Amino acid sequence: MLTLMASTRPRYGGTLRVQVAELPAFETAGLVAETLVRIDGRGDYQPGLARAWQRDAEGRRWRFSLRPRVVMHDGTLLTPAVAAVLLGPSASVAGQQVVIQSDTPAPDMLERVASKVTIVRKAADGSLTGTGPFRLTKLEPGRRATLTAFEEHWAGRPFLDSLEFTTQRGGPVDVTALPVSTSRRAIGERVRVWTSPPRDLAILSRPAALRDVFALSIDRDAIANVITQKRGDPARGLLPDWLTGYSAALPSEHDLTRARQAAAAAKAGPVTIAVAPSDPLLRLIADRIALNVRDAGLSVTVGNAGTVRLVRLRLPSNNAAQALAEFARALGVAVPTGLTNIQALYDAERAMLTENGIVPVVHLPDVYAVDPRVHNFDPARLEMVWVE
Amino acid sequence: MSEAAKQLAAVVPGRQRISLTVENRTTLDAGAAAEFRRAVEVELSAAGVELARDAQPLRLILSENVRGTIAIAQFGSKTIVVPWNPAPARAHSRARLTMSPLWVQSEPVLDILLEGDSLLVLGPAHVASYKKHGEVWQNERSAVLNFPAPLPRDPRGRLTGGMDAFRILTAAGSCTGTRNLALTCGPQGEGNAWVTGRNTQRDAALGEYYNLADLGEGRLAVSAPGAPVRITGANTAIAVPSAGTELAPLRSACGTSWLATGATSGDTDSLAGMNAAGAPTTDAVTLDGTVQALWPAGDDAVHAIVFHPATQSYETFRVTITCPE
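In this text, all values refer to a predicted model and were calculated from it rather than measured experimentally.

**Observations regarding the overall build of chain A**
From N to C terminus, chain A includes ten helices and 23 strands. The principal-axis extent of the C-alpha atoms belonging to chain A is close to 70 × 60 × 40 Å. Counting every position in chain A, which comprises 388 residues, the buried fraction comes to 50%. Separation of charge centres in chain A, based on 46 positive and 39 negative side chains, amounts to 1 Å.

Here it is as structure tokens:
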């Protein structure tokens with residue numbers, strides 16, 4: 001039964017209880033500590049703690065103008081001097097600006113400050129002092145964390161009074177991180193399921209000479225439909241289709257006849273697909289891949305160590321060019337440059353796939369079970385969530 | 001569009017015969033896909049390429065990513081990918097509520113003040129004035145709002161008064177201003193009912209509320225945190241669960257006293273006129289976005305500020321009631 005609710009303004013107050021497999025890294029997660037620049041959903045750079053920036057012609061010297069009247073959790077005003085100390089030895093003050101100097105040209109400086117560098121002070125006891133919408137007020141490492149609203153946040157206090165994260169099962173929770181393979185029946189009808197656009201990629205690295213056998217025999221549609229309960233997308237490329245739009249134009253390779261021919265030509269011995277034991281979903285996918293590749297005539301097992309590795313890579317950025325470059329670094333292949341338009345991006349991604357023997361398998365979303373009393377849920381923007 | 005179509009058509013080298021397949025993998029309608037096909041066919045024809053059923057296929061794909069629409073042409077081993085700008089879709093609204101578009105911009109709008117050929121637009125960080133020259137609004141001035149406190153995360157604000165002497169009321173502070181946008185801003189002060197740091201207002205009798213509409217004869221429609229809209233006064237208090245937190249008084253000769261947001265589905269809201277008993281008196285108008293604010297604009301009109309997620313724009317409408325004949 002579909003129930004339509006009249007639209008309502010958000011309410012201030014309340015606590016959101018979130019169950020996760022592991023606690024977020026609060027120094028970098030954006031709740032407690034923030035960055036000078038942030039990347040929006042389109043991959044564009046937007047003001048964060050800096051409201052403007054300039055660079056020199058070579059991209060070695062970057063100047064950031066800080067947002068005024070930003071206060072840290074301990075009441076310290078975030079001045080250029082304070083920010084420079086927290087940003088580290090490459091940062092200094094020039095007038096009213098923070099300067100970050102690089103020894104080599106750094107055209108990707110904005111990506112670095114948006115994704116890797118937060119402004120936060122970590123004390124010897126592990127406590128964090130940042131500028132984020134929440135303060136970390138209690139931490140049991142690996143088990144539980146409590147964050148409370150920061151009333152003086154520069155963008156206004158969050159709607160929630162507090163956030164509670166737990167890795168323990170059994171207590172009351174409002175939001176639960178779920179494995180992608182969880183069936184709808186197991187979740188229950190009353191609970192909403194929130195699914196992100198695909199952000200993880202399951203990928204076979206280094207099948208090398210056997211690349212064609214694997215690429216042609218894997219039934220990606222079955223993996224996406226059955227193992228990920230239709231939440232995942234069969235991967236033709238490294239980047240998800242919501243980011244590029246051109247996945248349909250990349251080669252679709254499932255062809256068992258050609259796979260058998262390639263396997264016969266390879267004359268390979270038994271192969272083991274290595275998969276991390278801590279990732280049950282990857283194990284399920286690896287088992288399915290092994291079945292497919294055996295159909296092509298290759299002897300395949302799945303284990304903790306092997307010449308072929310099935311790994312999970314997290315999409316590192318909403319900026320497609322930066323994401324492709326980071327994937328290249330993670331996979332140990334040549335990093336593409338000059339990706340200034342969509343044609344260049346397509347050509348580079350296609351070349352990476354055909355020249356490096358890597359086989360993308362399936363794109364995976366994040367999945368959460370969300371109680372109906374929770375509104376505006378987005379794990380990347382918990383400061384905008386409110387509860388009834 | 002034709003430049004992009006020309007680039008796509010260039011995937012076919014020289015004059016030859018091809019067959020054509022077109023895939024629409026976007027949320028655009030069939031008309032947009034047909035327009036895409038026509039644009040490329042025109043360029044192919046100009047390049048001397050003939051279409052034939054049994055020839056080598058040229059595959060055209062209309063797709064979309066997080067930044068917008070793209071178009072792809074594949075012929076043999078060659079692939080061309082270009083951004084594609086479809087013609088803008090026409091907005092649609094139909095009802096006995098009459099919605100006249102007044103203003104649209106990409107930055108958030110909190111309120112507007114319209115006086116003859118002068119317009120004042122209030123956003124979270126600026127106020128801007130415009131003058132109409134012929135059919136065109138031209139920006140005259142802009143002024144930054146220097147409040148002593150930050151606006152809350154769900155920013156709201158009101159413009160009161162007239163172009164020559166107006167007041168800006170928000171939860172971060174108040175400003176007074178004149179036509180040349182000389183502003184004097186400071187703490188909230190008298191007459192500013194916004195609760196500091198929140199998206200609610202406060203009244204001594206009502207407590208904390210989101211919006212209220214005076215329905216006459218001592219009755220008020222009030223939306224408050226955590227509660228359905230209530231009609232209070234005249235010794236009664238009734239709940240109106242079908243109404244959302246956005247509401248404004250709207251008089252008409254045919255029994256409508258107020259306007260409210262209604263049942264929603266995903267990223268769209270609806271508007272409906274209600275009578276003093278909380279019953280709908282008009283068909284609901286489904287919008288192409290979500291209502292950010294409903295503010296009275298005189299007795300017989302309401303300014304509705306709507307956010308359109310498809311275009312990421314804020315549009316203000318003047319809403320009136322057209323009574324049946």
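Structure's up, so let's keep going.
**Details of helix α7 (residues 256-266) of chain A**
All names here are of chain A. Residues of α7 that are buried include every one of A259, A262 and A263, and no others. Each buried residue of α7 sits inside an arc of 100 degrees when the element is viewed along its axis, so together they form one side. Turned more than 90 degrees away from the buried face of α7 sit T257, Q261, A264 and A265, all of them exposed. If you follow the buried residues of α7, they end up packed against α4 (211-217). Sitting at the amino-terminal end of α7 is D255, which places a side-chain oxygen 3.2 Å from the backbone nitrogen of T257. One or two steps after α7, the chain reaches K267, where phi turns positive at roughly 50 degrees.

**Let's talk about the interface of chain A and chain B**
Across the contact, 36 residues belong to chain A and 42 residues belong to chain B. Approximately 3,100 Å² of surface area, both sides summed, lies buried where chain A meets chain B, with 47% of it carried by carbon and sulfur atoms. Here chain A is connected to chain B by three salt bridges. Put simply, R9 of chain A and E246 of chain B hold a salt bridge, and the shortest N to O gap is 2.3 Å. Along the contact surface separating chain A from chain B lie 18 residue pairs in polar contact (both at pLDDT 80 or more). If you list the elements that add at least two residues to the side of chain A that touches chain B, you get α6 (241-244) and α10 (342-355) of chain A. Residues of the side of chain A that touches chain B, tallied by class, amount to 18 nonpolar, nine polar and nine charged.

**Quick word on the pairing of strand β5 (residues 61-66) of chain A**
Residue and element names in this part refer to chain A. Here five bridges tie strand β4 (residues 50-55) to β5, and the two strands are oriented antiparallel to one another. Looking at the pairing, R55 lines up with W62 of β5. Adjacent in sequence and paired antiparallel, β4 and β5 are bridged by five residues, among which G59 carries a positive phi angle near 75 degrees.

**Section: the packing of aromatic side chains**
Residue and element names in this part refer to chain A. Tallied over the full model, the rule gives ten aromatic pairs over all chains. On the basis of an interplanar angle of 65 degrees and a centroid distance of 5.3 Å, the ring pair of Y368 and F377 is categorised as edge-to-face. For the pair Y368 and F377, one class covers both residues: buried. Cluster of aromatic residues (ring-pair linked, three or more members): W194, Y368 and F377.

**Quick look at the sheet that holds strand β27 (residues 313-321) of chain B**
Residues and elements named next belong to chain B. Read from one edge to the other, the open sheet built from four strands follows the order β6-β27-β26-β25, with strand pairing classed as antiparallel. In this open sheet, the two edge strands, each paired with only one partner strand, are β6 (97-105) and β25 (290-296). Averaged over all neighbouring strand pairs, the angle between strand axes comes to 25 degrees, with direction disregarded.

**What about the pattern of salt bridges?**
Taken as a whole and assessed by the stated rule, the structure comprises 30 salt bridges over all chains. Here R312 of chain A and D200 of chain A are joined by a salt bridge, their closest N and O atoms 3.0 Å apart. In this pair, R312 of chain A sits in strand β19 (residues 308-314) while D200 of chain A sits in strand β15 (residues 200-205), placing the two residues 112 residues apart along the sequence. Since its relative accessible area comes to 31%, R312 of chain A is described here as partly exposed. D200 of chain A sits in the buried class, given a relative accessible area of 8%. Residue R179 of chain B pairs with D164 of chain B through a salt bridge whose shortest N-O separation is 2.8 Å. Taken together, the residues span a long stretch of sequence, with R179 of chain B in the loop between β13 (174-177) and β14 (183-186) and D164 of chain B in the loop between β11 (157-161) and β12 (166-170) at a distance of 15 residues. Here the residues in one salt-bridge network are D200, D279, R312, R314 and D366 of chain A, joined through shared partners.

**Some words on the environment of G68 of chain B**
Residue and element names in this part refer to chain B. The topology assignment puts G68 in strand β4 (residues 68-75). Judged by its relative accessible area of 27%, G68 is partly exposed. Between the C-alpha atom of G68 and that of Y210, which follows or precedes it by 142 residues, the distance is 36 Å.

Cut-off values and rules
- Residues numbered from 1 in each chain as written.
- Chains lettered and ligands numbered in written order.
- Predicted model: local features only at pLDDT ≥ 70, side-chain atom pairs only at ≥ 80, totals over all residues.
- Heavy atoms only, no water.
- Helix = DSSP H or I, 4+ residues; strand = E, 2+ residues; numbered from the N terminus.
- Buried < 20%, exposed > 50% of the residue type's maximum accessible area, 1.4 Å probe, protein only.
- Lys, Arg positive; Asp, Glu negative; His and termini not counted.
- Charge placed at Lys NZ, Arg CZ, Asp CG, Glu CD.
- Arc of directions from axis to C-beta.
- Contact = heavy atoms within 4.5 Å.
- Polar contact = N/O pair within 3.5 Å; in protein donor to acceptor, adjacent residues only side chain to side chain.
- Buried area = accessible area lost by both parts, 1.4 Å probe.
- Salt bridge = Lys/Arg side-chain N within 4 Å of Asp/Glu carboxyl O.
- Nonpolar A, V, L, I, M, F, W, Y, C, P; charged D, E, K, R; others polar.
- Pairing = 2+ DSSP bridges.
- Phe/Tyr/Trp six-rings, centres within 6.5 Å; stacked < 30°, edge-to-face > 60°.
- Axes fitted to C-alpha atoms, helices over the stretch in contact; angles between N-to-C directions.

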